[in-house]
Every structure is written in C-alpha cells, then in structure tokens.
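One letter stands for each residue in the lines below.
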Amino acid sequence: MTPTALPSRGADTGPDSSFDASAWERTLGRPLGHAVAVGWRTRVVAAAALLACLAVFLLVRALAATPSLGASWRVDADGRLIASAVPARSGAIDAAVVVGMLDAHGRPLAVAPGMLQRSPRWIVGDDERAQHARLHSKLNEAVKLGPITLVLAEQSPVALRPHARGIGGLGAGFWLMAGLALALFLTAAVVAAARPNERNLLYAVMATCQAANLAFIAAESVPGLLLPQWLLDWDFTARTSLDLATGAALIQATGIHPRTLRHRTVIAATGWMVALLLMWWVCTGQLPGAWWWTQGAAIAAGLVAIAQLQQARKLEPHPASLLLRRLATVAVSTLGLLTVAMATASGSTANAHLATAIGSTVWVVFLASLLALLPFLSRSQQVLREFSMLAGVSTVATSLDLLFVALFSLGQFASVTLALFISVAIYAGVRQWLLNRIMDSTVLTTERAFEQLYRLAREVERQPEHVGERLCQLLRELFEPMETMLVARSLPFARVAGDGSTLIVPVPPVPGAHEQPDATVVLRYARKGTRLFCDEDARLADRICEQLKRAVAFDQAVEQGRSEERMRLAQDLHDDIGARLLTLMYRAPDAETEEYVRHTLKDLKTLTRGLAASNHRLSHAAAEWKADIAQRLNAANCQLAWSFSADRDLVLNVVQWSALTRALRELINNIISHAQASRVEVDASLQHGQFTITVRDNGVGGPPSAWTHGLGLNGVRKRVRQLGGHVEWQQRSAGGIQCRIWIPALGAENKNFN
C-alpha cells in the first residue's frame, strides 16, 4: 500500500475536508494555538460532576418508578386523614375523610396521620419510628398486590389503582433540593481539588454529607403517600450517620483552622471515635433513644468547635476565628432550638409531621448554605449571606411554631401567624446587626478616603521616593490592621490572601519618581482582627492607587501650568513694566525721584526673579528679605536690626517663598505707614523644622484687640495659614508692637538642600 501524503497547513484540502484550519486562521487573523493539556484537578472535578449527575439520574429514575395512588393527602385539625382530588367514576371527589383502607384481598390497613410523616430522621421516639416503618411497609406491600380501596366518610368506597409516578410527578421541591445538593457537592469537589490539604478535605467531607442529606430531603419531598421502601429503611441510619460525620469533621477542622491547636489530634480522634461508635450502634439497632444520642452528639460537636475557635482566637487574633465562631454559635443555637421544639411537639399535634418536615428541611438548608458560604467568606456574596440569614430565621419560625402548638395548645393558623410575626420582627430588627457581627459588612468608600488621598498626593509630589510609606499610612487609617509591612515585591494588582486575613497592595509607580523600586504593602487582620478582608477591599485599594497616580500627575500638570504662567508674567513684567520704569528713571526730573524709581525697578527685578524660579534656598531668600527690608526702612529713616539662624538649609517652593515674602513686606509697610518707629528688629530662625519670624518696632501702637483688620493684616493671616502656620500680635511694654509668625512643619515638608 502506498502511503498518502497529508496536506500541508493552508493547502486546499478538497471538498472532502471537514475542517479547514487555514480558513479559521484567516478569519481570526492569527494562527490557531496548540491544545492545552487538561490537568488532574480538572479531571477530578469533571469526574465528580459526572458522578453527581449519575447519582441524581439514578435517584430520579427510582422515584419516577415509585407507585402513586393519584390523590392529594393532608391531615385536618382533628387528626383525620383527608384525601383530595380522588378519581372516581362519578367524577373527582374534592375532599373526603379517609375512614379506612383495604388491600386487593380486602384486608384492612391502618390509617393514621403518621402516614404523612415522610422522614423517620426527625421522629423522636424509637416506638414511634418503628410504628412509622410498619405503616409504610404494609402500605408498600399492599400496593404490590393491586388496587387500594379507600373507605370514605359519607362517600362510596373508591378503588385507587397504583401507577408509576413519572418524572413529571416528582414536584418542584424535589428539583430545588436536588439542585442545591448538586451545587454543594460540586463546591466541595472544587475546593478539595484546588488544594487537597487536610482542611479542604475535611470541608469536602462536611459538604458531601450535607449534600447527601439534601438528596434524602429531595427524595422525601415528592408528593403522594408512597415512598420507596429502601428510602424508608435507610433514612434514619444514613442521615444520622451523615450528621455524626459532619460533627466529627467539624471538630477536626476547627482544630487546624485558622490556627493549629496543641491537643487537636487527641480531640479529633475522640470526636471520630464517638461518632463511629454511635454510627455502629444506630446501624445495628443497639442504641435505645438513638435520636437523643445523635442530636446530643451533634450539639456537643458544635460546642467543642466553638471552644476550639475561642482558643484559637486567644492564641492569634485571626478574624476567621471570630467569624467562624459566630457562624458556629448561630448554627448550634438554631439546632438546639429546633431539637427542643421537635421533642416538645412530638406526637402532641395532628400536624406535627408537617411542621417536622418543614423544620428539618429548613435546618438542613440553613446548614448547607453556611457550608456553601465558607469558601467565599473573603468574597462579595450578598446572595449567600441573605439566603443563610433567611434560612436561619425560617428555622427559628418553625421551631417557635412547634413550641406554641405544644406548650400553649394554639391552633395551627394562630401558631404559624404568631411565629412568623415574631420571626419577621426579629429579622427586621437585628438583620443589619447580625450581618455586621457575622460578616462585618461595613463598606469603605473612596469618598471617605478623599481627604487623606488628597493629602497623600501632595506629600508624594514633594517626596515621590516615600510613596510606599505614605500609602502604608493611608491604608492603616482605612482598614485599621493589626500589622502593616512594606516588602520588596512586585504585584500587578491588589489581592486578598490568607483566607481573608491579609490584603496585599502593590505600591503604584508615581510620576516624578526616578528608579522607584518594586514594593508592596501587606496588611493583616483588619479592624484590629475582627474583620476579614474581601474582594471589595482589594478593589478599593486598587482604586486608591489609581487615583493616587492620577492625583499626582494632575497636581504636577497644574504646577507645570502655574510655573509656565509665572514665567510668562515675569517675562511680561520684565519686558513691559521694567522697560517703562527704566525709561522713567532716565527722565526723572530730580535725583530723589530717580532714586525712588531705581529702587522700584530693583524690587521689580526681585519679584520677577522670584516668580521665574521654581524654588529658593532659605538662606538666599533670607538675604533678599534683609536687603529689601533694609532699603525700605532706610528710605523711611528707620534703623534695622537683622538676625537669622538655621540648623539646616531648606528649599522653599514658590508658594512658600511668595507667602513669606509678601507677609514680611506687609508687616514692614504697616510699620512705615503707621508706627512712626525709629528701630525695627527682625529675628528669623529655623530649628527642628519650625520656622519662626519675629518683627518688633519701637513706634506707637495700641492694643491689637482694638485694631481694625483690613486687607493687609488679613492678607498676612491668610498667607501664613496657607503654610500651616500661625501669626500673633502683641503690644510691647517698652512701646511698639511685636508680631510673631511660626510655622511648625515647614522643615517636615521639605528636603534638606544639602
């Protein structure tokens, strides 16, 4: 046989080709990539999904084949069994009291309200559970023989022929519970496959057990009177074993998360040993009062878990310890309330089976929702939070309903109404408080951080190399963590780590920073260890970093515009006003006018030079101030005593230089115009970052409290306040006025020039 050459890529494969790769490449504009190998984690999750779907399919098939008698059933307030929509020859019977039942051979069958009790799991007494099993076993055996005859009060007997229920007869409740069970099981599979450590495997055990519990509830929620015998035989044994395994896994999990405890191995081994012994005794029927033992073991497991979480909280202020302890407290409290209600109402009301079914279902849904919430504690899952809250409140409502009926002999309508009213009132009153305690749902916003962000941007603009330290300070104010670190690490965006205990925020590169090293801010234990970080916090941190870069860039652009405008003004003043003053000086009619114009021209040059420069050394500015003040006072026949000292030389920006220069000029102008002084003393000093200027004169002047502050004095206050400083006037005892200006943080906001 001659081998046939395969067509090359892009070649015409002819009309028999089913896939033209080159056509797809031309359409996409790029070559097709190679197939990516599927990892083992994906295979595990896919296998778990297929297994779960197969289990649901088999359950649906088994329930669809279960016989149904084609009627609706309920129990009235007097404890009588009521059959509705009963098919008869003369037409369907709306509702009738069932007096008795006969099998195909005419043998009587027991009729009792307990026939509507679907699940033996929540039947308290051993005798009641055995009677429940006998009722359903005889009914299932009778159905196998043929039609069931209903003996109705005030109606002719009606024969009901059993028929297959079919998929359409499973009811909406079955599909809802089956969907919840499937979702919880897949969540457990994903968590276990993502990181197969001890903690995640224990979570998978708990979630799988409760998913199986939901599957049992789904099977028992199908409408009708009949259930498969295998379901009735295995319900109590299997579901109690699932709850015991959940409790033992919970004890072991809280011993290693969020902190490993010292005696966790002994406690976990004891928990599993007790659980396995109880499972064995329940399966073999050797445990009298099995319901009480299993319920007590489940509550005890929750209490042990709460104690371990409290111990972990003492050893390390991990917020997960506090959060899990609160969740466990809510779960154990609702389970205890439901247990008391079930035990109190057992056999005391005709409709106890209905309340029992609702209460147990709501409790399992509540526990399942908490388990589904656990992997997403550091995520924004508002729906899950609200769902778990509503399930918990529903458990409370059902428990209160049972207690009202059993203790106060209230009617079913009255007890349900009162229980719902109390539960809704509790939910409406404490909902936000519970959410804040359970999840601490306080949301930080950028509006709250606006002021700090603006201040941070100004500081970063002056000192871009300190952006990491300033960002640490801002994030500490926002999240109040117990630990803050600045580490050398590169990260593209903020993320939550450590199961919500840690927030990692990359330090953004800011304009103007030369060779800025990669750095990351690490925050641990938000709100002093009482709150988990969530994705909303990470997004807020990213927005803060982005706004910081924009604010710095905008501020630099504004400063550049100001600098260019100052340069333009300085150039215009120099070219236009300076030229006119120079012409006026040469055309002065006398020497005095010429000298005055000369000094005015000199002041103009000083002003334009100051506007053109982006910054000024403090020592140079002090020399210019001294020369300017001396010239003005000399023209007014006033003596100047000047003193200047500084522990370091600073660089003043244009705003600082302009404010100080104009304030000094205004003070000297006031002395020349109003004080009639013969001597002026000016002391300027910079010590430990605080800049102080003191101006004294020996002229006349009243008390400052009696002054009328015009534009001049108000301008001095405004300019000093702009620099974060203070100004104070005092009347001297020897005569004259003293003005003191001090700016505490002038040195802290500037870099050393040297």
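In the block above lies the structure referred to throughout.
Our subject in this report is the structure included herewith.

About the criteria used
- Throughout, a residue's number is its position along its own chain's written sequence, starting from 1.
- Reporting of local features is limited, given that this is a predicted model, to residues whose pLDDT is at least 70; pairs of side-chain atoms are given and counted only at 80 or more, and all residues count toward the totals for whole chains, interfaces and linings.
- The basis for every side-chain value is the complete set of heavy atoms in the structure, and neither hydrogens nor water enter the calculation.
- As defined here, a cavity is a set of points on a 1 Å grid over the protein atoms alone where a 1.4 Å probe fits but cannot get out. A pocket is an open set with protein on both sides within 12 Å along at least five of seven lines, and residues line them when an atom is within 4 Å of a point.
- Grid points are joined across faces, edges and corners, and a volume is the space filled by probe spheres set on the points.
- Elements are defined by DSSP. Helices are runs of H or I of four residues or more, strands are runs of E of two residues or more, and each kind is numbered from the N terminus.
- Any residue outside Ala, Val, Leu, Ile, Met, Phe, Trp, Tyr, Cys, Pro, Asp, Glu, Lys and Arg is labelled polar, Gly included; the first ten of those are nonpolar and the last four are charged.
- We count a salt bridge whenever a side-chain nitrogen from Lys or Arg sits within 4 Å of a carboxyl oxygen from Asp or Glu.
- Partly exposed describes any residue whose relative accessible area lies between the buried limit of under 20% and the exposed limit of over 50%, with all areas from a 1.4 Å probe on protein chains only and scaled to the type maximum.
- Surface patches are drawn from residues lacking salt bridges whose relative accessible area is over 30%; two like charges belong together within 9 Å, two nonpolar side chains (Val, Leu, Ile, Met, Phe, Trp, Tyr) within 5 Å.
- Accessible surface is estimated by sampling points in the Shrake-Rupley manner with a 1.4 Å probe; for residues, cover comes only from the protein chains shown.
- Here a Phe, Tyr or Trp ring, Trp counted by its six-membered ring, pairs with any other such ring whose centre lies within 6.5 Å, and the pair is stacked when the planes are under 30 degrees apart, edge-to-face when over 60, and tilted otherwise.
- Criterion for a charge above a ring: Arg CZ or Lys NZ at most 6 Å from the ring centre, at most 35 degrees from the ring normal.

## Some words on the layout of surface pockets
Alright, step 1. What the largest pocket holds in volume is close to 1,300 Å³.
Alright, step 2. Put simply, the parts of the chain that give the lining of the largest pocket at least two residues each are α4 (172-194), α5 (198-220), α6 (229-256), α8 (290-315), α9 (319-345), α10 (352-373) and β10 (495-497).
Alright, step 3. Here the lining of the largest pocket gets 7 residues from one element, more than from any other, and that element is α9.
Alright, step 4. Its residues assigned to classes, the lining of the largest pocket shows 30 nonpolar, 12 polar and 6 charged.

## Some details on the pattern of salt bridges
Alright, step 1. By the definition in use, this model includes 16 salt bridges.
Alright, step 2. Here Asp649 ties to Arg617 by a salt bridge, and the two come within 2.8 Å at their closest N and O atoms. On the criterion of sequence distance, the pair formed by Asp649 in the loop between β14 (639-646) and β15 (651-653) and Arg617 in strand β13 (residues 615-617) is long-range, its members being 32 residues apart.
Alright, step 3. Residue Asp649 is classed as buried on the basis of its relative accessible area of 10%.
Alright, step 4. As a salt-bridge pair, Arg679 and Glu681 come within 3.4 Å of each other at their nearest N and O atoms.

## Let's talk about a nonpolar patch on the surface
Alright, step 1. Judged by side-chain polarity, Leu51, Leu54, Phe57 and Leu58 come together as a nonpolar surface patch covering roughly 410 Å² of accessible area.
Alright, step 2. Mapped onto the elements of the fold, Phe57 is located in helix α2 (residues 40-64).

## Overview of the packing of aromatic side chains
Alright, step 1. Under the defined criterion, the tally for this structure stands at 6 aromatic pairs.
Alright, step 2. For the pair Trp291 and Trp292, a centre-to-centre distance of 5.2 Å together with 85° between the ring planes defines the contact as edge-to-face.
Alright, step 3. A relative accessible area of 0% places Trp291 in the buried class.
Alright, step 4. Taking the relative accessible area as the measure of exposure, Trp292 reaches 49% and is therefore partly exposed.
Alright, step 5. On the basis of an interplanar angle of 45° and a centroid distance of 6.5 Å, the ring pair of Trp625 and Phe691 is categorised as tilted. Placement of the pair is Trp625 in helix α18 (residues 618-635) and Phe691 in strand β17 (residues 690-697), with a sequence separation of 66 residues.
Alright, step 6. What links up through ring pairs into an aromatic cluster is the set Trp122, Trp291 and Trp292.
Alright, step 7. Residue placement shows Arg121 over the ring face of Trp122; its charged tip is 4.8 Å from the ring centre.

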